[in-house]
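# Fold and contact review
Letter by letter, the chains look like this.
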Amino acid sequence: MTDTPSPEHRTGPIARRTPVRSTYRLQLRPDALTFADARAIAEYLQQLGISHLYLSPVMTAMPGSAHGYDVTDPTTVSAALGGPGGLKALADEVRGRGMGLIVDLVPNHVGVGDPRRNPWWWDVLRNGKNSKFAHFFDIDWSPGNGAGGRLALPVLHSENDPAALTVDRSGPDPVLALRDLRFPIAPGTDGENALRIHDRQHYRLVSWKAGICSYRRFLAVSELAAIRQEEPAVFDLTHRELAAWCEHDLIDGVRVDHPDGLAYPAAYLAKLRRLIGPQRLLLVERVLGRHEPLDATLPVDGTTGYEALAEVGGIFVDPAGENALTELSRRMSGHGSDAAWMADTEHRIKRAVAERLLVPEVRRLVGAVKRDAAVNGFDSAAISDMALTNATIEVLSHMPVYRTDYAPLSGVLSTVVAEVQQRNRELTAPLSVLVRALAAGGEAARRMHQVGGAVAAKAVDDTMFYQASRLVSLQEMGGDPGRFGRSVLEFHLANAERAVRCPATMTTLSTHDTKRGEDVRARITVLSQVADSWAKAVGAWLELAPAPDGPTANFLLQNMFGVWPVDGRRPATVPRFRERLHLFAEKAVREAGLRSSWEEPDVDFEAEVHRWLDTVIDGPVGAELGELATRLAPHAWSDSLGQKLLQLCGPGIPDVYQGCELWEDSLVDPDNRRPVDFGHRLAMLQSLTGTPELENSGAAKMWIVAYALWLRRERPDCFVGGSYTPLFGSGDRSEHLVGYARGRSGEAPQVIVAATRYSVALAEGGWADTVLDLPSGTWTDRLTGHTFTGRTRLEKLFARLPVALLVR
């Protein structure tokens with residue numbers, strides 16, 4: 001199976017910049033995928049039909065980093081990945097093949113977990129406020145910062161840790177040593193006693209449980225310190241390499257990580273757009289709230305695609321299964337994981353996050369509120385800090401979006417404040433202080449937005465999505481699990497709007513941040529079609545293998561069903577399968593925070609969970625779970641192909657996450673960042689000569705990925721900037737069809753995409769009399785070679801595969 005462009009696209013001088021038609025996300029890592037490794041697979045990705053490699057962060061990061069988001073030096077390309085020469089060679093390689101590069105930019109924070117690795121941070125620790133890098137970081141040096149005006153570093157595990165401090169004199173300069181960490185000693189403060197030396201430093205080591213941290217962090221991660229892109233010097237230095245890449249035309253676009261953490265994201269993005277120019281792709285990682293539009297005034301091409309993920313996956317959820325799965329959740333967890341529970345729980349968890357995990361950020365925000373309100377005549381003695389903190393947290397916990405300072409969200413903050421006052425009249429006085437401060441438009445307003453995003457991310461994505469268990473495939477970045485799926489009508493309107501408003505936005509089904517890979521979600525979603533039998537099976541299984549906790553069991557059983565091997569192998573024989581499940585279970589129960597947590601792990605409860613997991617894997621429950629997964633696997637594969645083809649041919653620029661051109665069984669990170677066997681994929685791509693069977697190898701998925709990407713390359717005007725027309729079948733089974741047409745703007749459609757959904761019911765009665773009326777002309781299915789005209793019976797259209805890619 002080959003569809004390689006003509007030789008002039010592969011050799012010779014660097015060609016002009018290639019329009020971005022599709023991207024392939026690569027998770028670079030020093031031990032598995034360097035720039036040189038990426039060069040080696042460029043030919044494979046070219047043959048697959050990819051136009052651009054989409055690289056994870058490439059700047060110098062913590063040694064051994066498997067993700068690159070813990071950047072320690074934003075001014076240098078990672079030597080461990082191949083350095084600037086390696087990046088240049090990769091750019092030349094792909095450009096010579098008529099392809100290009102998209103890079104992932106991390107402007108919000110840098111890694112400080114090992115101070116020795118970050119020269120800016122080391123200098124600040126050594127020289128304090130006098131460091132030339134002190135203003136790069138968002139540090140509170142005030143006497144009331146909880147550390148006596150020093151820089152608080154929450155690294156101590158216990159109160160006894162300071163006794164373990166020693167002086168390490170093995171290097172050119174003496175340093176304080178604590179376990180494997182090292183901290184600088186300021187000039188003139190050395191001595192014999194480590195504790196006394198520590199007391200003379202610009203920093204203070206504190207317990208991570210103390211709720212003291214005098215620098216702004218990424219969310220609640222103390223190892224990542226936020227930097228101040230609003231400072232021109234910071235922007236210029238951290239974007240120096242990016243400017244050089246643009247000057248030498250090495251890249252075709254940028255993906256911006258977590259812009260919501262910045263002080264002024266809109267201003268930052270405007271500055272970034274000026275730097276990269278008007279023609280390069282600019283995408284932002286944003287988790288949009290319910291009904292939140294992307295700010296059309298931002299100079300960006302779109303988002304990284306979480307909203308498209310929710311829309312595509314949602315139409316495969318069978319609403320007929322809602323009642324049974326809601327009742328199962330209620331029986332197992334004490335709640336239905338429905339919209340009402342979600343709304344109440346979101347508020348409760350947001351309060352808990354603000355009161356426990358983000359104590360330093362909230363304390364600093366309240367201090368800014370008092371200062372900014374004082375400018376408008378507020379007497380700080382009139383309202384207690386406790387009352388003001390409570391009012392601020394209550395507003396933060398009711399925010400429906402990450403932050404409200406984007407243009408389309410005008411009025412949202414005032415509505416939230418009014419609703420909080422209506423529910424809590426006793427908060428009127430402190431709310432008036434908060435309003436005074438926010439109206440000033442200064443530090444308090446800025447921090448309100450930054451803290452609000454952190455509260456939302458930690459509460460919803462990192463906590464609530466591990467507590468809910470009605471249908472866990474809905475608990476995804478940008479998702480709304482309270483809604484049991486999406487309608488096809490809603491799907492079509494969202495696509496039509498995307499085609500017009502954001503034709504070059506990214507769409508995706510899997511990322512390095514998704515809770516489950518796309519094929520795992522697709523298989524779990526099939527449970528909505530067999531909800532009654534699943535609920536009965538769960539009840540029987542828990543009698544055979546009683547679980548330590550109902551909510552945990554309901555959550556984990558769905559995820560186990562999603563990844564269970566269906567190729568005839570027993571789980572015990574699958575490499576790392578057991579280990580991966582145990583690691584996922586530990587992370588899940590700690591993120592949920594119901595019986596254990598990262599801050600205070602309940603080792604006894606976790607041990608019970610691990611024993612139960614082994615009982616399930618090795619016993620009769622595992623055997624029955626495997627039988628069910630195998631029986632339903634064809635339906636899961638059908639849904640996987642359907643959602644993939646709908647994504648690849650829909651409006652926007654589709655991203656293929658590394659390895660996802662075949663079936664994949666990834667769970668949450670770091671599981672979804674495992675190395676990919678590209679040699680196997682290349683061999684499979686080159687060996688395919690005819691329409692594959694729908695079976696366990698994943699060849700059918702690679703077949704539709706390649707043909708869809710080749711078609712985008714062949715007829716690019718039909719996709720980015722092309723038209724979008726919903727198609728509907730007629731007949732008794734028409735609700736099982738999802739279809740649309742694409743074409744050049746203003747012209748008749750040239751491409752028709754059709755997919756099957758709810759295939760379990762079709763297995764019994766088939767498509768019956770259901771038909772699709774094709775537009776005039778003869779249409780050939782690129783996936784099978786079959787041709788169709790006029791009124792087409794769906795049983796013929798889908799005779800070979802559950803999807804079709806028709807070309808006029």
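So, here's what we can say about the structure. (Residues numbered from 1 in each chain as written. Predicted model: local features only at pLDDT ≥ 70, side-chain atom pairs only at ≥ 80, totals over all residues. Heavy atoms only, no water.)

## Comments concerning the packing of helix α9 (residues 306-314) against helix α17 (residues 488-501)
Helix packing for two helices is described by the angle between their axes and how far apart those axes are. So the rule is basically this: As a rule, the C-alpha atoms of each element are fitted with a line to give its axis, helices using only the stretch in contact, and angles between N-to-C directions run from 0 to 180 degrees. Counting from the N terminus, the helices are the DSSP runs of H or I reaching at least four residues and the strands are the DSSP runs of E reaching at least two. When describing relative orientation, an angle under 35 degrees is termed roughly parallel and one over 145 degrees roughly antiparallel, while 65 to 115 degrees is termed roughly perpendicular and anything else oblique. Note: crossing handedness is left-handed where the near helix turns anticlockwise from the far helix by less than a right angle, and right-handed where it turns clockwise. By the convention used here, residues are in contact when the closest approach between their heavy atoms is within 4.5 Å. The classification used treats Ala, Val, Leu, Ile, Met, Phe, Trp, Tyr, Cys and Pro as nonpolar, Asp, Glu, Lys and Arg as charged, and all other residues, Gly among them, as polar.
Contact geometry for α9 and α17: axes closest at 10 Å, N-to-C directions at 150°. If you check the angle between α9 and α17, you find them roughly antiparallel. Here α9 runs over α17; the crossing is left-handed. When α9 is examined against α17, the residues E307, A308, E311 and V312 are found in contact with a partner set consisting of F491, A494 and R498. Looking at side-chain class alone, the contact of α9 with α17 contains four nonpolar, no polar and three charged residues.

## Let's talk about the layout of surface pockets
The following threshold applies: Two kinds of site are reported from a 1 Å grid over the protein atoms alone, namely cavities, where a 1.4 Å probe fits but cannot get out, and pockets, open sets with protein on both sides within 12 Å along at least five of seven lines, and residues are called lining when an atom falls within 4 Å of a point. Grid points are joined across faces, edges and corners, and a volume is the space filled by probe spheres set on the points.
Estimates place the volume of the second largest pocket at around 1200 Å³. What lines the second largest pocket is a set of 47 residues, and nearest its centre among them are L288, G289, E292, P293 and E307. Elements with a minimum of two residues in the lining of the second largest pocket: β16 (302-303), α9, α11 (339-357), α16 (443-467) and α17. In terms of residue count, α17 provides more of the lining of the second largest pocket than any other element does, six residues in total. Taken together, the residues that form the lining of the second largest pocket break down as 24 nonpolar, seven polar and 16 charged.

## Notes on the pairing of strand β11 (residues 203-207)
Regular strands place their side chains on alternate faces of the sheet. The line we're drawing: For every residue, the accessible area obtained with a 1.4 Å probe (protein chains only) is divided by the maximum for its type, and the residue is called buried under 20%, exposed over 50%, and partly exposed between those limits. Whether two strands pair depends on DSSP finding at least two bridges between them.
For β11, a buried count of four out of five residues is recorded, marking the element as mostly surrounded by other parts of the structure. As paired strands, strand β7 (residues 151-156) and β11 are joined by five bridges and run parallel to one another. The partner of L151 across the bridge, within β11, is Y203.

## Concerning the sheet that holds strand β9 (residues 175-178)
Here we have three strands laid out as an open sheet, ordered β8-β9-β10, and antiparallel in their pairing. The two strands at the open ends of the sheet, each matched to only one other strand, are β8 (166-168) and β10 (181-184). Across this sheet, the average inter-strand angle for adjacent strands is 40°, counted without regard to direction. In this sheet, β10 lies alongside β9 in antiparallel orientation, the contact comprising four bridges. Looking at β10, one finds that V175 is bridged to P184. Most of the contacts of helix α4 (residues 119-127) go to β10, to which it runs at about 55°, and overall it touches β9 and β10.

## A look at the state of the cysteines
Counted only if it meets this: Disulfide assignment relies on a single distance test, namely cysteine sulfur atoms paired within 2.5 Å.
Tallying each qualifying case throughout the model produces zero disulfides. Its sulfur unpaired, C660 is 17 Å from the next cysteine sulfur, which belongs to C649. The thiol of C718 is not disulfide-bonded; the next cysteine sulfur, from C649, is found 10 Å away. Taking the relative accessible area as the measure of exposure, C718 reaches 0% and is therefore buried.

## Regarding helix α7 (residues 240-247)
Within an α-helix, residues lying three or four positions from one another point in the same direction, as the helix has 3.6 residues per turn. Counted only if it meets this: Here the arc refers to the directions that run from the helix axis out to each C-beta atom.
Of all the positions in α7, only E241, L242, W245 and C246 are classed as buried. End-on, the buried residues of α7 take up no more than an arc of 140°, which puts them together on one face. For α7, the elements touching its buried residues are β3 (59-61), β4 (71-77), α3 (83-96), β5 (100-105), β14 (253-256) and α8 (265-276). Phi turns positive, to about 55°, at D249, one or two residues after α7.

Everything listed here is a matter of geometry and, on its own, says nothing about what the molecule does.
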